[in-house]
Amino acid sequence: MTIQTLHRSLSSLRPKTFLLLFLAGVINAIGVTLFLAPVQLYDSGISGTAMLFWQLTPEPYTLPMFLVLLNTPLFLFGMKKQGLTFTVYSLWAVLIYALASFAINTFFPTAGASPFAGDDLLLCAVFGGLISGVGSGMTIRFGGAIDGVEVMAVIFSKRLGMTVGSFVMVYNVLLYVAIGCIFRSWIMPLYSILTYCAAIKSVDFIVEGLDKAKSATIITSRADAVSEALSEAFGRGITQLPAKGYYSGKEQTLVYFVVNRFQIAKMKAIIQEVDPDAFVSISEVSDMLGSSVKK
């Protein structure tokens, strides 16, 4: 990473985004610690893995500790592909999630039942999943992620011939099967699957399209500068097509670019920085063939 790229990444960090991610981390912690953890249901991804480790280890080991220890290496590993801004936002969200979980467990301890849903496993599974999903979706919407498994999915899913959603689903199925085998009971894993489904719906609602890539159509008079900035940031191929304004008759260029859902916020920031007057249209991509990676 060059000094210029580092400066651009740091300058793109916004205090408002940190505040929104703070709220997202707290919401995620509420869903997990006040609905799922009290009745021994499991979240998905690294969060669910951290909950499992927490239950299997002695008392000094806490859920917040495992959240930080398990997520941090994954986000740092994915920094080259996802960028410094995404990594900083994600680590901040995870830290807030961990600290909020610690605070809730310290000041509002639960004793085998949710303070809102009691010991009703169905209510805890559904509402715990919905609430934690809102927190996860907000994190993605504002340019980060709160679970390292999703970052690994973005990096490795294409190599394995899978979608991002399929990669995450396989990880979670393996996690729930492991939980069932360890505790020799399938009741909690099966209810945890309901939690995962509810969370998926929340995330889908917040970020509008969990599994699909996004195509950006950019109409700009500074096509070369925009393309250069996007190519440098993402290392992807870019297509330029000539365009002409109907009313103005002005010659412009249409830039076509495909990103994953984690990269939308970063892409918008780059385009706004290079050409504030650019027109950007973002659509879902149901499938892709070939490689868009810059050779």
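Our structure is the block above this text.
I will try to describe carefully the structure that is included in this document. (Residues numbered from 1 in each chain as written. Predicted model: local features only at pLDDT ≥ 70, side-chain atom pairs only at ≥ 80, totals over all residues. Heavy atoms only, no water.)

**Digging into the packing of helix H2 (residues 15–36) against helix H6 (residues 84–107)**
Axes are the key here: two packed helices are described by the angle between their axes and the distance separating the axes.
Thinking step 1. Packing of H2 against H6 brings their axes to within 8 Å, and their N-to-C directions diverge by 45 degrees. Taken together, the axis directions place H2 and H6 in an arrangement best described as oblique. Like other packed secondary-structure pairs, H2 and H6 cross with a definite hand, here right-handed. Across the interface between the two elements, Thr17, Phe18, Leu21, Phe22, Gly25, Val26, Asn28, Ala29, Ile30, Val32, Thr33 and Leu34 of H2 pack against Val88, Tyr89, Trp92, Ala93, Ile96, Tyr97, Ala100, Ser101, Ile104 and Asn105 of H6. (Axes fitted to C-alpha atoms, helices over the stretch in contact; angles between N-to-C directions. Helix = DSSP H or I, 4+ residues; strand = E, 2+ residues; numbered from the N terminus. Parallel < 35°, antiparallel > 145°, perpendicular 65-115°, else oblique. Left-handed = near helix turned anticlockwise from the far one by under 90°. Contact = heavy atoms within 4.5 Å.)

**A short note on a nonpolar patch on the surface**
Thinking step 1. Together, Met169, Val173, Val177, Trp186, Leu190 and Ile193 line one region of the surface with nonpolar side chains, adding up to about 540 Å² of accessible area.
Thinking step 2. Tracing the chain through its elements places Met169 in helix H9 (residues 164–183). (Patch = residues over 30% accessible without salt bridge, like charges linked within 9 Å, V, L, I, M, F, W, Y side chains within 5 Å. Areas by Shrake-Rupley, 256 points an atom, 1.4 Å probe, with all protein chains shown as cover. Salt bridge = Lys/Arg side-chain N within 4 Å of Asp/Glu carboxyl O.)

**Section: the environment of Val39**
Thinking step 1. Here Val39 is to be found in the loop between H2 and helix H3 (45–56).
Thinking step 2. Judged by its relative accessible area of 6%, Val39 falls in the buried class.
Thinking step 3. Not counting chain neighbours up to four residues away, the residues in contact with Val39 comprise Gly112, Ala113, Ser114, Gly118, Asp119, Leu121, Cys124 and Met188. (Buried < 20%, exposed > 50% of the residue type's maximum accessible area, 1.4 Å probe, protein only.)

**Describing H3**
Thinking step 1. For H3, built from 12 residues, the straight-helix expectation of 16 Å at 1.5 Å per residue is met to within 8% by its first-to-last C-alpha distance of 17 Å.
Thinking step 2. Taken together, the buried positions of H3 are Gly45, Ile46, Ser47, Gly48, Thr49, Ala50, Met51 and Leu52.
Thinking step 3. Turning to H3, the residues buried within the fold contact H2, helix H4 (63–77), H6, helix H8 (148–156) and H9. (Expected span 1.5 Å × (residues − 1).)

**Some points on the sheet that holds strand E2 (residues 239–244)**
Thinking step 1. The 4 strands lie next to each other as E2-E3-E1-E4, forming an open sheet whose pairing is antiparallel. Edge strands, defined here as strands with exactly one partner in the open sheet, are E2 and strand E4 (279–285). In this sheet, neighbouring strand axes are inclined to one another by 25 degrees on average, regardless of whether the strands run parallel or antiparallel.
Thinking step 2. Pairing between strand E1 (residues 213–220) and strand E3 (residues 251–259): 7 bridges, direction antiparallel. Considered in E3, the bridge of Ser215 is made with Val258.
Thinking step 3. Those strands touched by helix H11 (residues 223–234) are E1, E2 and E3, and its axis lies near 15 degrees from that of E3.
Thinking step 4. Of the strands in this sheet, E1, E3 and E4 touch helix H12 (residues 264–274), which is tilted by about 160 degrees from E4. (Pairing = 2+ DSSP bridges.)

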